Amino acid sequence: MNHPLLDQFNQWLHKIEQTGSVIDATRLNEWNHLMDQFQSHPEQLSSNHAQWIKTLAKNSKAMFSVVEALQDHATDSSEQLKKLRDELHQFNVQLLLQQASLPQQMAPLMFTHTHLSTLFNEEQQAKFERFKYSLNAPQFESLNRLIESFMQWQKAGQTLTEEMNQITELATQQWQEQFDDSLPAKDQIELWGTIYDNTYQAQFQAPSMQLAQSGWLNGWADLKLAWKQLLTQLTEQAGLPSPDQLDKLIEQLDQHRRRIRQLEKRLYALESGADHNG
Amino acid sequence: MRSNQVQITMASRLNSAMLDSQKELANAIAVLSELPPLENSSLKAEVVLTLDKMRLLHFKQSGRRRQPPLIVCYALVNRPTILDLAPDRSLIQDLRAKGRDIYLIDWGYPDLCDRHIGLDDYIGDYLESIVQCVLDRTKFDQVDLMGICQGGVFALAYASLNPERVRKLVTLVTPVDTDVEGFTLSDMVRETNIEQLVEAYGNLPGEFLNQIYAALKPLQLGVIKEMGLSRSIQDPSSAELFLRMEEWINDSPDLAGRAAIEFAETFFKGNGLLKGSFHVDSKAVDLTNIRSPILNIFGTKDHLVPPASSQSLKEAIDPKTHYQELPLPAGHIGAFISDRCRGKVIDAIELHLNGSAFKQSS
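Notes on the structure follow.

## A closer look at the overall build of chain A
Regarding its fold elements, chain A presents 10 helices and zero strands. Reading chain A from its N end, one meets helices and strands in the order α-α-α-α-α-α-α-α-α-α. The burial tally for chain A puts 42% of its 278 residues in the buried class. A fraction of 60% describes how many contacts in chain A between residues 6 or more apart in sequence connect residues 24 or more apart. A total of about 15,000 Å² of accessible surface is found on chain A, and carbon and sulfur atoms cover 53% of it.

## Section: the layout of surface pockets
Over the atoms rolls a probe the size of a water molecule, and in doing so it shows where empty space is left. By volume, the second largest pocket amounts to about 310 Å³. Surrounding the second largest pocket, 13 residues form its lining, A:Arg261, A:Lys265, A:Tyr268, B:Ser129 and B:Gln132 being those nearest its centre. Broken down by secondary-structure element, the contributors of at least two residues to the lining of the second largest pocket are α10 (243-277) of chain A together with β1 (46-51) and α3 (119-138) of chain B. The residue inventory of the lining of the second largest pocket, partitioned by class, reads four nonpolar, three polar and six charged.

## Some thoughts on the pattern of salt bridges
All names here are of chain B. Under the criterion given, the structure shown has 32 salt bridges over all chains. Linking Asp179 and Arg190 is a salt bridge whose minimum nitrogen-to-oxygen distance equals 3.3 Å. Here Arg190 lies in helix α5 (residues 184-190) and Asp179 lies in the loop between β8 (166-172) and α5, a separation of 11 residues in the sequence. By relative accessible area, which is 42% here, Asp179 ends up partly exposed. Overall, Arg190 belongs to the partly exposed group, its relative accessible area being 24%. As a salt-bridge pair, Asp339 and Arg342 come within 3.3 Å of each other at their nearest N and O atoms. With Asp339 and Arg342 both in helix α15 (residues 339-353) and three residues apart, this pair spans about one turn of that helix.

## A closer look at the sheet that holds strand β3 (residues 70-73) of chain B
All names here are of chain B. Read across the open sheet, the eight strands follow the order β1-β2-β6-β3-β7-β8-β11-β12; overall the sheet is mixed. Each end of this open sheet is capped by a strand with a single partner; those strands are β1 and β12 (323-328). Pairwise comparison of adjacent strand axes, ignoring direction, gives a mean angle of 20° for this sheet. The pairing of strand β2 (residues 54-59) with strand β6 (residues 102-106) spans five bridges and is classified as antiparallel. Considered in β6, the bridge of Arg55 is made with Asp106. Its contacts with the sheet put helix α4 (residues 150-161) on β3, β7 (143-148) and β8, and the angle it makes with β7 is roughly 145°.

## With respect to the packing of aromatic side chains
Residues and elements named next belong to chain B. Throughout the structure, instances matching the rule amount to 18 aromatic pairs over all chains. A centroid spacing of 5.2 Å and a plane angle of 85° characterise the contact between Trp107 and Tyr122, whose relative ring orientation is edge-to-face. A residue pair is termed long-range when its members are at least 10 positions apart, and Trp107 in the loop between β6 and α3 and Tyr122 in helix α3 qualify at 15 residues. A ring pair is formed by Phe267 and Phe268, whose centres lie 5.1 Å apart and whose planes are at 70°; its orientation type is edge-to-face. Across this residue pair, the class does not change: Phe267 and Phe268 are buried. Here a set of aromatic residues connected by ring pairs shows up, and it is made of Trp107, Tyr122, Tyr126, Phe154, Phe183, Phe263, Phe267 and Phe268.

## Some details on the side chain of B:Thr174
Residues and elements named next belong to chain B. Structurally, Thr174 can be placed in the loop between β8 and α5. Accessibility expressed as a relative area gives 1% for Thr174, which makes it buried. Not counting residues within four places of it along the chain, the set of residues in contact with Thr174 comprises Gly147, Ile148, Cys149, Gly152, Val153, Leu156, Val305 and Ser310.

## Here we look at the interface of chain B and chain A
Counting from both sides, the interface comprises 79 residues of chain B and, opposite them, 87 residues of chain A. Counting each side, the surface lost to burial between chain B and chain A is near 7,500 Å², with a carbon and sulfur contribution of 63%. Joining chain B to chain A, the criterion identifies six salt bridges. For B:Asp52, the salt bridge goes to A:Arg257, with nearest N and O atoms at 2.7 Å. Between the two partners, chain B and chain A, sit 23 residue pairs in polar contact (both at pLDDT 80 or more). Those elements that place two or more of their residues in the side of chain B that touches chain A are α1 (2-34), α3, α5, α6 (194-201), α7 (206-214), α8 (223-227) and α9 (236-250) of chain B. Among the elements that line the side of chain B that touches chain A, the one with the most residues is α1(B), at 26 residues. Residues of the side of chain B that touches chain A, tallied by class, amount to 40 nonpolar, 21 polar and 18 charged.

## Section: the packing of helix α9 (residues 207-237) of chain A against α6(B)
At a closest axis distance of 8 Å, the pairing of α9(A) and α6(B) adopts a crossing angle of 35°. Here α9(A) and α6(B) pass one another in a crossing that is left-handed. In this structure, α9(A) contributes A:Leu217, A:Asn218, A:Trp220, A:Ala221, A:Asp222, A:Lys224, A:Leu225 and A:Lys228 to the contact, and α6(B) contributes B:Gln196, B:Leu197, B:Glu199, B:Ala200 and B:Tyr201. When its residues are assigned to classes, the contact of α9(A) with α6(B) shows seven nonpolar, two polar and four charged.

About the thresholds
- Residues numbered from 1 in each chain as written.
- Chains lettered and ligands numbered in written order.
- Predicted model: local features only at pLDDT ≥ 70, side-chain atom pairs only at ≥ 80, totals over all residues.
- Heavy atoms only, no water.
- Helix = DSSP H or I, 4+ residues; strand = E, 2+ residues; numbered from the N terminus.
- Buried < 20%, exposed > 50% of the residue type's maximum accessible area, 1.4 Å probe, protein only.
- Contact = heavy atoms within 4.5 Å.
- Areas by Shrake-Rupley, 256 points an atom, 1.4 Å probe, with all protein chains shown as cover.
- 1 Å grid on protein atoms, 1.4 Å probe; cavity = no way out; pocket = protein on both sides within 12 Å on 5 of 7 lines; lining within 4 Å.
- Points joined across faces, edges and corners; volume = space filled by probe spheres on them.
- Nonpolar A, V, L, I, M, F, W, Y, C, P; charged D, E, K, R; others polar.
- Salt bridge = Lys/Arg side-chain N within 4 Å of Asp/Glu carboxyl O.
- Pairing = 2+ DSSP bridges.
- Axes fitted to C-alpha atoms, helices over the stretch in contact; angles between N-to-C directions.
- Phe/Tyr/Trp six-rings, centres within 6.5 Å; stacked < 30°, edge-to-face > 60°.
- Buried area = accessible area lost by both parts, 1.4 Å probe.
- Polar contact = N/O pair within 3.5 Å; in protein donor to acceptor, adjacent residues only side chain to side chain.
- Left-handed = near helix turned anticlockwise from the far one by under 90°.

Right, dumping it as structure tokens:
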């Protein structure tokens with residue numbers, strides 16, 4: 001089977017190898033173009049597993065951007081390590097946001113900056129504060145609760161991110177201490193992963209980390225509940241079935257299910273008794 | 001001096017790592033482009049009982065020797081397809097090839113209507129009905145019971161409440177003591193208000209649970225895994241295995257709300273199996289009631305269930321109950337599906353069910 005895109009990629013690799021592993025600006029542009037092609041037309045390469053081609057190309061681009069960020073203007077080790085910390089901070093932020101599903105439209109409001117010193121969008125937070133104080137009429141109670149929950153969740157996220165950044169610090173120190181020149185690059189990366197995750201697990205024994213993680217989840221649950229309460233208010237006003245009414249309906253269904261199970265069990269017992277007697 | 005060394009080698013190593021990764025990427029794409037669609041070969045068996053979302057699957061034995069039926073109870077939070085991942089990587093098929101008559105519980109996918117299903121339902125009703133159904137079908141007086149992970153907790157609870165019905169018991173990567181050091185999942189659950197999460201969600205979404213599991217090893221299961229993605233797809237065989245595994249990982253049923261609260265409160269927070277606070281239908285689960293010989297298999301590198309948690313079973317049961325354990329140098333899933341361990345697991349289970357002790361190899 002002929003795959004022109006794959007052929008182009010192999011030719012690109014061949015050129016890189018000929019130039020002694022140096023990826024200059026021209027080669028980088030070519031590579032970027034190829035990765036974009038892989039992502040936008042993965043079905044040309046595999047009709048069965050197109051999604052995976054897309055993911056592979058996306059990951060490769062992400063990895064390249066991390067490497068670029070680490071190497072860009074990095075003239076000394078402290079600068080490179082700072083870049084590494086920033087990348088890990090961004091990774092932590094993404095990890096936290098992945099845990100949040102609905103109302104997902106609100107999640108990006110929390111983190112617009114990824115730099116360590118400006119963890120949260122303070123401007124947005126101030127706006128929320130002002131917005132909350134302007135809504136003091138009783139009919140805005142649910143909306144106010146939602147805003148309050150959102151701000152609390154932000155604070156919980158900040159606490160957890162600070163804990164995770166401490167882990168990054170500890171892991172980076174350990175990695176520097178264990179850095180071994182003789183290891184191939186992929187083993188270095190794996191070593192870094194192992195050190196990070198072991199540090200993470202060790203830190204999890206600390207009550208402050210446990211509380212930070214659960215505070216984040218509890219804050220999220222509180223936000224979801226506030227959202228549900230607001231939806232209940234809005235749907236009731238619109239004359240639509242509300243989430244609370246749905247909950248009651250589900251409870252009734254469960255009661256019916258249990259009654260049917262009891263009857264089934266009695267029937268089984270009667271049948272078994274009849275079999276034994278018969 | 002040390003940090004300068006880090007700096008000098010880092011740039012060249014990263015560049016070289018990039019080139020290596022691009023070669024792997026080209027190979028992975030070539031492999032995927034030739035790979036046919038994956039055939040769904042998992043869990044092809046006769047459905048012999050259905051209760052709500054639960055299905056009991058019967059994998060008929062291959063030999064003629066009449067053997068007691070083996071009921072396999074998997075966790076609620078993932079799919080049992082992992083036990084029958086592919087024809088050449090199937091714990092179920094390997095046991096079947098040994099002549100075992102296997103009944104596998106598929107708990108299904110709970111939806112919002114199942115949010116009130118709790119542990120009384122899962123253990124006191126479904127598992128009880130399953131055992132009864134199997135006994136009725138096979139005309140045996142007892143079953144062999146194998147529980148995996150959370151399914152092992154269910155199996156232990158059932159065997160303690162119905163000791164006369166279980167002939168032999170096998171627990172695989174099963175948590176018992178939730179207070180042991182390094183039990184990150186248990187630490188996470190301890191301070192979390194599960195009741196509030198359930199009130200917010202109805203059921204605990206599988207996707208949410210997956211995020212929690214990934215957060216136990218965030219770098220290795222996140223960035224490092226993604227960076228090494230093309231390395232996982234080296235040839236058609238590794239690609240197929242990888243894709244099947246990924247499919248399984250992302251196929252996470254929601255956890256029924258009530259069951260989630262009860263499991264978190266009584267098992268994790270209350271350490272209920274050891275402290276006697278785990279109840280089914282108002283009856284306390286007392287592990288010293290178990291009479292059936294136990295084989296306890298666990299991974300010494302398990303990050304989800306620390307080996308010490310599984311091993312505590314030995315101290316929790318009656319000293320007169322026959323107990324043997326098989327520690328394997330593997331993680332939570334690798335302990336029973338990896339090529340390195342599966343053969344040992346099958347042999348140990350076979351010997352245990354046949355009434356023999358197995359010899360542990362180092």
